[in-house]
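Descriptive analysis of the structure
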Amino acid sequence: MSAISTKVYTVSEITQAIKQHLEPRFFHICLKGEITNFKKQSSGHLYFNLKDDHSQISCVLFRGNAVKLDKEPKAGDMVMIKGSISVYAPRGSYQVIAQELVYEGVGDLLLMLHELKKKYHQKGYFEPSAKKPLPKYPKTIGVITSPTGAVIQDILHVLKRRFKGFQLILNPVKVQGEGADVEIAKAIDDFNRFKLVDVMIVGRGGGSLEDLFAFNKECVIEAIFKSDIPIIAAIGHETDVSLADFVADVRAPTPSSAAELAVKEKSQQQEFLLNADQHCLNSLRQLLKQCKLKMRAITTQRVFTTPDALLGPYSQALDDITLKIDELAGKQTEIRALHLAGYAKQLAAFMPGRQLQSHRENLRRYAEWLSENVQKQIAYRKERLIALEKLISSLSPTNILKKGYCIPFAENTSSVIISAKQLHENDPITLQFHDGKVGTIVKKGT
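**Topic: unusual backbone geometry**
- Phi is positive for Asn37, close to 55°, though the residue is something other than glycine.
- The topology assignment puts Asn37 in strand S1 (residues 29-40).
- Phi at Lys195 is positive, roughly 50°, even though this residue is not glycine.
- Here Lys195 lies in the loop between helix H5 (180-194) and strand S8 (199-204).
- Among the residues examined, Lys195 registers a relative accessible area of 65% and is labelled exposed.

Here's what the structure looks like:
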């Protein structure tokens, strides 16, 4: 027997190696095929094979994920599952552990929904910063839904109960089927273009993924995101989720909840005012009752039944004060009269006429002294002025010229010549005398 050169594995080792290489590579996969050999265990786990024309593979859907199905699968159903490959070591077999199961047709929609959700999430359509706040006190509410469904009736019922006197505009649209998405998007654009409402409710009742898919279309998502008017999405039941719910400013679990959210502030304020009104009335009644009791207690006091007992002492005190005032006034009058007589005597002793005559005489003498000093200053200033005029006249160039001098000027520049070095032979010059000017030519000196 020849020696075997390759490594020898145990069954457990090779199974573990397969597990380590197979499971990470096929951790998240999607499979499509027909269900066969379907079994539901008492534990709630679902076991079945998924086959196509040439092969089949074992699958298991554990109870935690199985309870999420709308209906139980059966043999012959065409389905798509999402899950991962798992190697079951005790039997040396591999199987698919399914996390999701959708029926034929729905799988494609789910894939499309997943891609759209990823696209708009990356574009930031679902960010909280893109959400607009709902108006606190909307005057008009717009509703985009089917006119014949239960949604509009639920909304009207809630609004009538919670806030009477509301204004509502219904823009009727198809909520499923071909063209529904276009109608919904156009209704949103119309409300924005004509600025008809303060807040919008976009909704419909529950249904399958196919029924709700109009609210996952791109034109609807774009219209909701671009809307200047805040939008409340109320699509399907609480467990139903569409892309419109993600991009809307607020998601309501039901149409009734959407109506409550639209007038929440108004309803709260109205309820607050009604409670405050009742509280004020109760407080006023209680206060009035207490005041009546206090008034009754006060009016039965002795001072109000016999006023003299209260006012008598004050009346006597007032009489005493009046007498004292009269006495003091008489004494003060006598004192003021004596002071006035004394002032009259002092005034007569001063003789204002004589004092006035004395002041006049002093003023006349001061005026004469002032006039004499002013005349002296004027004469002194005139003499100084004449002396200065003579001094200026003696320094005048004209007087110097009268003594036989003259001033030479360059004829071209009319500037004074102060040095012979400035002149050249035959230069024309002008001589300024005291009584006129004479032109001449420079001759060469000896």
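**So, the packing of aromatic side chains**
- For the structure on display, the rule yields 4 aromatic pairs.
- Between Tyr125 and Phe225, the ring centres sit 3.8 Å apart and the planes meet at 5°, which makes this aromatic pair stacked. Here Tyr125, found in the loop between helix H3 (106-122) and strand S6 (140-145), pairs with Phe225, found in helix H7 (residues 218-226); they are 100 residues apart in sequence, far enough to count as distant.
- Of the residues examined, Phe225 reaches a relative accessible area of 30% and is grouped as partly exposed.
- A centroid spacing of 5.4 Å and a plane angle of 40° characterise the contact between Phe126 and Phe246, whose relative ring orientation is tilted. On the criterion of sequence distance, the pair formed by Phe126 in the loop between H3 and S6 and Phe246 in helix H8 (residues 243-247) is long-range, its members being 120 residues apart.
- When its relative accessible area of 31% is taken as the criterion, Phe246 is described as partly exposed.
- An aromatic cluster is present here, built from Tyr120, Tyr125 and Phe225 joined pairwise through their rings.

**Notes on the layout of surface pockets**
- Volume-wise, the largest pocket comes out at about 1,100 Å³.
- Lining the largest pocket we find 30 residues, and of these Lys68, Asp70, Val102, Leu110 and Leu209 sit closest to its centre.
- Mapped onto the lining of the largest pocket, the elements with two or more residues apiece are strand S5 (93-103), H3, helix H6 (209-212) and H8.
- Split by residue class, the lining of the largest pocket holds 13 nonpolar, 9 polar and 8 charged.
- Lining the second largest pocket are Asn37, Lys39, Tyr47, Phe48, Asn49, Ser58, Cys59, Arg91, Ser93, Tyr94 and Gln95.
- Elements that contribute at least two residues to the lining of the second largest pocket include exactly S1, strand S2 (46-51), strand S3 (56-61) and S5.
- Across the lining of the second largest pocket, the residue classes tally to 4 nonpolar, 5 polar and 2 charged.

**Some thoughts on a nonpolar patch on the surface**
- On the surface, a nonpolar cluster with roughly 490 Å² of combined accessible area is contributed by Tyr366, Trp369, Leu370, Val374 and Ile378.
- Mapped onto the elements of the fold, Trp369 is located in helix H13 (residues 352-394).
- When its relative accessible area of 47% is taken as the criterion, Trp369 is described as partly exposed.

**Details of the pattern of salt bridges**
- Applying the stated criterion across every chain, the model contains 15 salt bridges.
- Across the pair Asp249 and Lys132 runs a salt bridge whose closest N-O atoms are separated by 3.4 Å. Taken as a pair, Asp249 in the loop between H8 and strand S10 (250-251) and Lys132 in the loop between H3 and S6 lie far apart in primary sequence, 117 residues in all.
- The class of Asp249 is buried, set by a relative accessible area of 11%.
- The partner of Glu368 in a salt bridge is Arg364, and the shortest N-O contact between them spans 2.6 Å. Residue Glu368 and its partner Arg364 are both found in helix H13; the two are separated by 4 residues, about one turn of the helix.
- By relative accessible area, Arg364 is classed as partly exposed at 39%.

Definitions and cut-offs
Note on numbering: residues in each chain are counted from 1, in written sequence order. Confidence filtering applies because this is a predicted model: local features only for residues at pLDDT of at least 70, side-chain atom pairs given and counted only at 80 or more, and all residues used for totals across whole chains, interfaces and linings. Processing note: side-chain calculations cover all non-hydrogen atoms of the structure and skip hydrogens and water entirely. Runs of E in the DSSP output that reach at least two residues are strands. Runs of H or I that reach at least four are helices, and both are numbered from the N terminus. Accessible area is worked out with a 1.4 Å probe on protein chains only. A residue is then buried under 20% of its type maximum, exposed over 50%, and partly exposed in between. Two aromatic rings, drawn from Phe, Tyr or Trp (for Trp, its six-membered ring), form a pair once their centres lie within 6.5 Å of each other, and the interplanar angle then sorts them: stacked below 30 degrees, edge-to-face above 60, tilted otherwise. Residues are said to line a cavity or pocket when one of their atoms sits within 4 Å of a point; the points come from a 1 Å grid over protein atoms alone, cavities being sets where a 1.4 Å probe fits but cannot get out and pockets being open sets with protein on both sides within 12 Å along at least five of seven lines. Grid points are joined across faces, edges and corners, and a volume is the space filled by probe spheres set on the points. Residues are grouped as follows: nonpolar covers Ala, Val, Leu, Ile, Met, Phe, Trp, Tyr, Cys and Pro; charged covers Asp, Glu, Lys and Arg; every other residue, Gly included, is treated as polar. A residue counts toward a patch only above 30% relative accessible area and without a salt bridge, and it is joined to like-charged neighbours within 9 Å or, for Val, Leu, Ile, Met, Phe, Trp and Tyr, to nonpolar neighbours within 5 Å. To measure how exposed things are, a 1.4 Å probe is used in the Shrake-Rupley method; for residues, cover is taken only from the protein chains shown. The term salt bridge refers to a side-chain nitrogen of Lys or Arg lying within 4 Å of a carboxyl oxygen of Asp or Glu.

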